[in-house]
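What the coordinates show
If you want the building blocks of each chain, they are given just below.
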Amino acid sequence: MSTAPRRQRPYWTALVLPLALYLVVFLVIPFIHIVVLSFYTHSPTRIWTPELTTANYVGLADASFLTVLLRTLRLGLFSTLICVLFGYPLAYFLARAQRRVALIGLFFLVMPLMVSAVIRTFGWLVILGRNGLVNGAITALGLERLPLLYNETAVVIGLANVFVPFMVLPLMASIERINPALEEAARNLGASWPATFRRVILPLSRPGLISGCLLVYSAAISAFVVPMLMGGARVRVIGRQIYDQLLISYQWPNASAIATLLVIATTSLAFVVLALMRRSARQEQGA
Amino acid sequence: MNRQMPALLKPFVMLTYVLLLAPLAIVIAVSFGASPTYQFPPTELSLKWYRGFFGNPEFVRAFFSVSLVLGFLAAVFASLLGVTAAIGLVRFRFRGREALEAFFLAPLFIPEILFGAALYLTYARLGIKPSMTSLLLGHVVVCAPFVIRNVMAGLVGLDPRLEEAAMSLGASRVQAFMKVALPLIQSSIISGFIFAFIISFSDINLALFIAGPNSTTLPVYIFNLLLFEGDPSVAAASTLQIVIVGLLIWLVQFLFRPRALL
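Report on the accompanying structure.

Cut-offs applied
Residues numbered from 1 in each chain as written. Chains lettered and ligands numbered in written order. Predicted model: local features only at pLDDT ≥ 70, side-chain atom pairs only at ≥ 80, totals over all residues. Heavy atoms only, no water. Helix = DSSP H or I, 4+ residues; strand = E, 2+ residues; numbered from the N terminus. Buried < 20%, exposed > 50% of the residue type's maximum accessible area, 1.4 Å probe, protein only. Areas by Shrake-Rupley, 256 points an atom, 1.4 Å probe, with all protein chains shown as cover. Lys, Arg positive; Asp, Glu negative; His and termini not counted. Charge placed at Lys NZ, Arg CZ, Asp CG, Glu CD. Contact = heavy atoms within 4.5 Å. Phe/Tyr/Trp six-rings, centres within 6.5 Å; stacked < 30°, edge-to-face > 60°. Buried area = accessible area lost by both parts, 1.4 Å probe. Salt bridge = Lys/Arg side-chain N within 4 Å of Asp/Glu carboxyl O. Polar contact = N/O pair within 3.5 Å; in protein donor to acceptor, adjacent residues only side chain to side chain. Nonpolar A, V, L, I, M, F, W, Y, C, P; charged D, E, K, R; others polar. Axes fitted to C-alpha atoms, helices over the stretch in contact; angles between N-to-C directions. Parallel < 35°, antiparallel > 145°, perpendicular 65-115°, else oblique. Expected span 1.5 Å × (residues − 1). Bend = angle between axes of the 7 residues up to and from the residue. Core = buried A, V, L, I, M, F, W, Y, C linked by side-chain atoms within 4.5 Å. Patch = residues over 30% accessible without salt bridge, like charges linked within 9 Å, V, L, I, M, F, W, Y side chains within 5 Å.

A word on the overall build of chain B
Looking only at helices and strands, one finds twelve helices and zero strands in chain B. Starting at the N terminus, the α and β elements of chain B follow one another as α-α-α-α-α-α-α-α-α-α-α-α. Once the C-alpha set of chain B is aligned to its principal axes, its extents read approximately 70 × 65 × 30 Å. Counting all 262 residues of chain B, 55% fall into the buried class.

So this is what it looks like as C-alpha cells:
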C-alpha cells in the first residue's frame, strides 16, 4: 500500500496513546465496573453491597424476564428481515446507479440515519397514532379506528425504519465490488434475472449481507427509544428493562447482569462483522 | 440507467425512500400547521409553533446552550484525539496495530444504551454529578471513531511520494507531514469533525442516562415531550434538527466526498 514500513523510534505511541488512555478510562473501566457490579449483592437500603454472588444471573431465569428476552430477540429478527427485504434492492440500486444518482440516493439514506432516532419515531407516531394519518383515512371512509400503535408490529416498523441504513451501507459496498461483467456474462449465457441474482449476485454479496444483518440485529435488540415511544408499556424489551432497573427501581446489580449479557452478545456479533470486513478488504487488495 | 435491472427495481426503491423519508417529511409538515394536535396534512399554515419553540426558555436552552455547544465541544475533542490517533495508525507499523484500530472503532459497535448505563453506574459510584461535562466526556468516546474513519481514509489515499519529495528538498519528516500531508487531508478532517458534531447533536441514548437536570439536550427534551404528548412546538424543534443535520450532511457529501460514511 501507500506507506512503506518505517522502523524508527516509536513516535506512534505519542500519537495513539492519548486516545487509547481516554478510551481505557471512559470506556473500558466503566464496562469492567458493570461486570463487577453484576456479581454484587442487591441491597434494598444501600442499592448494593460488595458481597459476591451469582444470584443476579441465576435470577434471570424467571418467566417474566424470559418473556422480555424472547420478545426482544423476536422483534430484532423481524426488523432484520424487513431491513433485508427493503435494503437489498436499495443497496443493489445504489451500487449500480450512475454516480450522480448514487450520490443523491446516498444523501437521502445517510441524512435520516443521522437525524436523532427520537425525531424519526415522532414521524411514525403522527402516521400511526389514534388521530394519525392512517386512522384519519380509515375514519374518513366511515370505518372503525385501528389500534396501530403500542403493539409489537409498530415497534418492528419503527426499528426497521430507523436501522435500514445499517443494512444498506455494508451491502452496497459488497455489491460494488462485484464486477458487473460477471452479471452480464450470466445474462448473455441465458440466465434469467432471478437466476443471475441467486447464482451470482447473492453469493458474492454475502459478506455485506451478513454484516448488515448483524449490525441491524445488534442495534435492534439493544434499542430503547423506539420500543418506548411506539410500544408503550405493553411491549417491554431488554433496553427498557435495563433503563427502568437503573433509573427507576435502582436494581443496579440486576441491571448490570442483563447489561453484561447484552454486551457479550453484541460484541460477539461485532467481531464477526469486523472479521468479515477485514476479509473482503483483503480480497479486494489482492485482486 | 443500467437496462439490465429488472423493471420492478426502480419503483420498489422509490417506495423504500418514501417510507424512509415520510416520518421526517410529516414532522416538518406538522410544524407548519396551525392545529394544536399533530395533524397531517395541516389544514392551514402557521408559524405559531416556531414562536412557541422560541418562546419556551427550556427549549431554547436545550437547543442553543446545551446541544449546539455540546456538539461543538465533542467534535473539537474527538478531532484532537481522533486525528492524532489516525495518523499514528496509518503512518506507523507496529505490533498490535490492527487490534488497536479495532479498539478505537469499538464504540461504533457497542450499543449506546449499554455504554450509557456503564457510564451512569461509574459516575454514580465515583459520586460524579451528571452535568454537561460528564455528558461531553461520554460523547467524545462515541464521536472519535467517525473522525478516525474519515482521516484514515484520507491518509491511505495520499501519495507518499509527495512527502518524500518535500523531504528530499530538505524538510524534516514532521515538517513534510505538517506542510504537505495535513493540508491535503484537510477535507477528511473537516468531514470527520462534522460527523462528530452530528453524532453528539443527535444522540439520545447516552444523554438519557448521563444528562443532568441542567444539561437536558434537545433530543432528550423532545423525547420527554413526546412521552407526555406535548404540542407541535416539538415538531418545530425537530424540524430545526432535521434542517441542521441535513445541511451538514449535504455539505460533507457534496463538498468533500467522504470515503468513510459508516
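Here the narrative resumes, following the displayed structure.
Quick look at the overall build of chain A
Counting secondary structure elements, chain A contains 13 helices and two strands. When the 287 residues of chain A are sorted by exposure, 53% land in the buried category. Here chain A has roughly 13600 Å² of accessible surface; of this, 66% comes from carbon and sulfur atoms. For chain A, the separation between the mean place of its 23 positive charges and that of its 9 negative charges on side chains is 7 Å.

So, the environment of B:Cys143
Residue and element names in this part refer to chain B. Looking at the element boundaries, Cys143 is found in helix H6 (residues 132-156). For Cys143, a relative accessible area of 0% translates into the label buried. Put simply, Cys143 and Phe109 are 34 residues apart on the chain and 12 Å apart in space, counted from C-alpha to C-alpha. When neighbours within four sequence positions are excluded, Cys143 is seen to be in contact with Ala74, Ala78, Ala196, Ile199 and Ser200.

A closer look at the packing of aromatic side chains
Scanning the entire structure with this criterion turns up 30 aromatic pairs over all chains. Ring centres 5.1 Å apart and planes at 40 degrees place the aromatic pair A:Phe39 and A:Tyr57 in the tilted group. Here A:Tyr57 lies in helix H2 (residues 55-58) and A:Phe39 lies in the loop between helix H1 (11-37) and strand S1 (41-43), a separation of 18 residues in the sequence. Here A:Phe39 falls in the partly exposed class, since its relative accessible area comes to 31%. Ring geometry for B:Phe53 and B:Phe54: centres 4.8 Å apart, planes at 80 degrees, overall edge-to-face. Judged by its relative accessible area of 0%, B:Phe53 falls in the buried class.

As for the interface of chain B and chain A
Note: interface size is frequently given as the accessible area lost on complex formation between the parts. Facing 96 residues of chain B, the contacting portion of chain A comprises 94 residues. Surface buried jointly by chain B and chain A totals about 9000 Å² across both partners, of which 78% is contributed by carbon and sulfur atoms. In this assembly, chain B and chain A are joined by zero salt bridges. Taken together, chain B and chain A are joined by eight residue pairs in polar contact (both at pLDDT 80 or more). Tallying contributions element by element places helix H1 (residues 9-31) of chain B first for the side of chain B that touches chain A, with 16 residues. Grouping the amino acids of the side of chain B that touches chain A by side-chain chemistry returns 75 nonpolar, eleven polar and ten charged.

Section: the pattern of salt bridges
Scanning the entire structure with this criterion turns up seven salt bridges over all chains. Ionic pairing is found between A:Arg240 and A:Asp244, a salt bridge with its closest N-O pair at 3.3 Å. With A:Arg240 and A:Asp244 both in helix H12 (residues 238-247), this residue pair falls four residues apart, about one helical turn. For the residue pair A:Arg240 and A:Asp244, the accessibility class agrees, reading buried in each case. The partner of B:Asp159 in a salt bridge is B:Arg161, with the nearest N and O atoms 2.8 Å apart. The partly exposed category is assigned to B:Asp159, whose relative accessible area is 28%.

Brief notes about the packing of helix H3 (residues 57-91) of chain B against helix H11 (residues 218-227) of chain B
Residues and elements named next belong to chain B. Taken N-terminus to C-terminus, the directions of H3 and H11 make an angle of 150 degrees; their axes are 8 Å apart at the nearest point. With respect to H11, the element H3 is oriented roughly antiparallel. Residues Glu58, Phe59, Ala62, Phe63 and Ser67 of H3 lie in contact with H11, whose contacting residues are Leu218, Pro219, Tyr221, Ile222 and Leu225. Taken together, the residues of the contact of H3 with H11 sort by class into eight nonpolar, one polar and one charged.

Quick look at helix H7 (residues 152-176) of chain A
Residue and element names in this part refer to chain A. For H7, spanning 25 residues, the distance from its first C-alpha to its last is 35 Å, which sits close to the expected 36 Å at 1.5 Å a residue. Taking the largest bend as the criterion, H7 deviates by roughly 45 degrees, centred on Phe163, and proline Pro165 comes between one and four positions later. With 20 of 25 residues buried, H7 lies mostly within the body of the structure. Two or three places before Thr153, at the opening of H7, Asn151 has a side-chain oxygen 3.1 Å from that residue's backbone nitrogen.

Considerations on the nonpolar core
Ranked by internal contacts, the top residues of the largest apolar core, which has 184 residues, are A:Met114 and B:Phe104. Per element, the largest residue contribution to this core is 15 residues, and it comes from H7(A). With residues near it in sequence (within four places) discarded, B:Phe104 still touches A:Val16, A:Leu19, A:Ala20, A:Leu23, B:Ala85, B:Leu89, B:Pro145 and B:Ile148.

Here's the deal with a nonpolar patch on the surface
Residue and element names in this part refer to chain B. Where nonpolar side chains cluster on the molecular surface, the patch consists of Val69, Phe72, Leu73, Phe77 and Leu80 and spans about 440 Å² of accessible area. Structurally, Leu73 can be placed in helix H3. The class for Leu73 is partly exposed, based on a relative accessible area of 30%.

As for unusual backbone geometry
Residue and element names in this part refer to chain A. A positive phi angle, near 70 degrees, is found at Ile47, a position not held by glycine. With respect to the helices, strands and loops of the structure, Ile47 is situated in strand S2 (residues 47-49). Taking the relative accessible area as the measure of exposure, Ile47 reaches 22% and is therefore partly exposed. Unlike most non-glycine residues, Tyr250 shows phi in positive territory, near 55 degrees.

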